[in-house]
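Understanding the architecture of this molecule
Next come the chains, spelled out residue by residue.
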Amino acid sequence: MNLVTVVRYDLHLHTEFSPDCDTAVSKIEAHCLAHGLTGIAVTDHDTISGALKLRDSAKNIHVIVGEEVTSSDGDIIGLFLHERIPPGMSGVKTIQAIHEQGGIVYLPHPFDRTRVRRSGGASLSSIIDGVDIVEAFNGKVGQASYNTMAAEYALKNDKLRAGGSDAHSLQAIGTVTNEFTLPDDLAPDRMTPEFFLTALHSNLIRGRRRSKIGGAFIIGRRPFSLAWRRLRRRNSEA
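This one's a predicted model, so the numbers in the text were calculated from it and none came from an experiment. (Residues numbered from 1 in each chain as written. Predicted model: local features only at pLDDT ≥ 70, side-chain atom pairs only at ≥ 80, totals over all residues. Heavy atoms only, no water.)

1. Points about unusual backbone geometry
- At D46, a position not held by glycine, the phi torsion is positive, near 60°.
- Secondary-structure assignment places D46 in the loop between β2 (39-42) and α2 (49-57).
- In this structure D46 comes out as buried when scored by relative accessible area, which is 19%.
- Positive phi outside glycine occurs at D166, with the angle close to 55°.
- Judged by its relative accessible area of 0%, D166 is buried. (Helix = DSSP H or I, 4+ residues; strand = E, 2+ residues; numbered from the N terminus. Buried < 20%, exposed > 50% of the residue type's maximum accessible area, 1.4 Å probe, protein only.)

In structure tokens, the structure reads:
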């Protein structure tokens with residue numbers, strides 16, 4: 001009899017290494033453990049520095065190194081990355097660069113017109129063939145209908161579906177999770193990208209969409225948070 005373990009992942013979140021987030025990397029693991037998460041994908045905007053920092057320091061959660069890349073066709077997330085993907089390339093070239101690293105292409109909030117992809121999905125036709133996972137539920141989209149459209153789009157194109165909190169604050173991490181099973185003898189941090197995709201066939205997305213007001217508050221307080229961190233750093237070095 002093969003024993004399995006149910007694991008819980010948030011596959012889209014940001015840290016202080018994103019320009020619109022002030023979540024300290026040092027606080028994330030404790031928060032995740034308190035909320036029953038097995039692992040997370042750290043997907044900062046156009047950098048993997050925060051993901052690498054947390055991966056190297058985390059002791060009890062699995063950290064997938066990711067990046068939310070700003071392509072000319074909208075945001076595209078790479079998972080299981082080893083190197084940073086430069087922004088500004090076409091969607092096709094961005095996807096190619098992710099796959100060349102052996103990474104997974106995760107398409108976030110594809111129909112949210114308030115985000116980087118402002119075409120309401122019109123730019124998707126050029127890239128969908130290279131997408132591995134469609135984000136069928138995003139916790140930060142402006143309207144619930146955007147998630148409905150994304151889920152229907154994934155089903156229509158026979159793509160794996162997943163969800164992400166798109167957290168830009170510590171409290172938002174884990175508000176959207178993916179529950180799937182792994183063999184009991186497989187440690188999460190030993191998962192290959194190929195096995196991860198296979199495991200997602202049994203994925204159950206749980207979560208809720210959050211208030212847009214909270215997101216605006218995070219963006220608004222960002223300059224003050226950065227100034228406060230610089231002040232504390234100078235004081236600690238004095």
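Back to the write-up after that little detour.
2. Comments concerning the environment of N147
- Position of N147 relative to the elements: it lies in helix α4 (residues 144-156).
- Spatially, the C-alpha atom of N147 lies 5.1 Å from that of F137, the residues being 10 residues apart in sequence.

3. Brief notes about the sheet that holds β2
- Pairing is mixed across the open sheet formed by nine strands, whose spatial order is β7-β6-β5-β4-β3-β2-β1-β8-β9. Lying at the two open borders of the sheet, with one neighbouring strand each, are β7 (160-164) and β9 (204-207). Strand-to-strand twist in this sheet, taken as the mean axis angle between neighbours without regard to direction, amounts to 30°.
- When strand β5 (residues 104-107) meets strand β6 (residues 133-138), the two strands line up parallel, connected through two bridges. In the strand pairing of β6, Y106 is matched with I133.
- Packing against the sheet, α2 makes contact with β2 and β3 (62-71), and its axis sits at approximately 180° to β3. (Pairing = 2+ DSSP bridges. Axes fitted to C-alpha atoms, helices over the stretch in contact; angles between N-to-C directions. Contact = heavy atoms within 4.5 Å.)

4. Focus: the confidence of the model for the chain
- The predicted model of the chain averages 88 in pLDDT, with 84% of residues at 70 or higher.
- With pLDDT under 50 throughout, residues 214-221 is counted as low confidence; its partners more than four residues away or in other chains account for eight contacts. (pLDDT = per-residue confidence, 0-100.)

5. Some remarks on the pairing of β7
- Within β7, four of the five residues are buried, leaving the element largely enclosed by the surrounding structure.
- Following the chain from β6 across α4 to the adjacent parallel β7, one finds a crossover that is right-handed. (Right-handed = clockwise from strand over helix to strand, strands pointing away.)

6. Let's talk about the pattern of salt bridges
- Summed over all chains, the structure comprises three salt bridges.
- In this structure, R55 and D56 form a salt bridge, with 3.1 Å as the shortest nitrogen-oxygen distance.
- With relative accessibility at 57%, the residue D56 sits in the exposed group.
- Among the salt bridges present, the one from R206 reaches E179, with a minimum N-O distance of 3.1 Å. One end of the pair, R206, is in strand β9; the other, E179, is in strand β8 (residues 176-183), and 27 residues separate them in sequence.
- What makes R206 partly exposed here is its relative accessible area of 44%.
- The class for E179 is buried, based on a relative accessible area of 17%. (Salt bridge = Lys/Arg side-chain N within 4 Å of Asp/Glu carboxyl O.)

7. Thoughts on α2
- All buried positions along α2 are accounted for by G50, A51 and L54. What you see down the axis of α2 is that its buried residues fit within an arc of 100°, all on one side.
- On its buried face, α2 is in contact with α1 (28-34), β2 and β3. (Arc of directions from axis to C-beta.)

8. Observations regarding the packing of aromatic side chains
- In total, this model carries five aromatic pairs according to the counting rule given.
- Aromatic side chains F111 and Y153 sit 5.3 Å apart centroid to centroid with 75° between the ring planes, which places their arrangement in the edge-to-face category. Of this pair, F111 sits in the loop between β5 and β6 while Y153 sits in helix α4; the two residues are 42 residues apart in sequence, bridging distant segments of the chain.
- Residue classification places Y153 among the buried positions, given a relative accessible area of 15%.
- Ring geometry for F180 versus F196: centroids 5.8 Å apart, planes at 85°, classification edge-to-face. Residue F180 is found in strand β8, and its partner F196 is found in helix α5 (residues 193-199); the two are separated by 16 residues along the sequence. Both residues of the pair, F180 and F196, belong to the buried class.
- In textbook terms, an aromatic cluster arises when at least three aromatic residues are bridged by ring pairs, as seen for Y9, F80, F180 and F196. (Phe/Tyr/Trp six-rings, centres within 6.5 Å; stacked < 30°, edge-to-face > 60°.)

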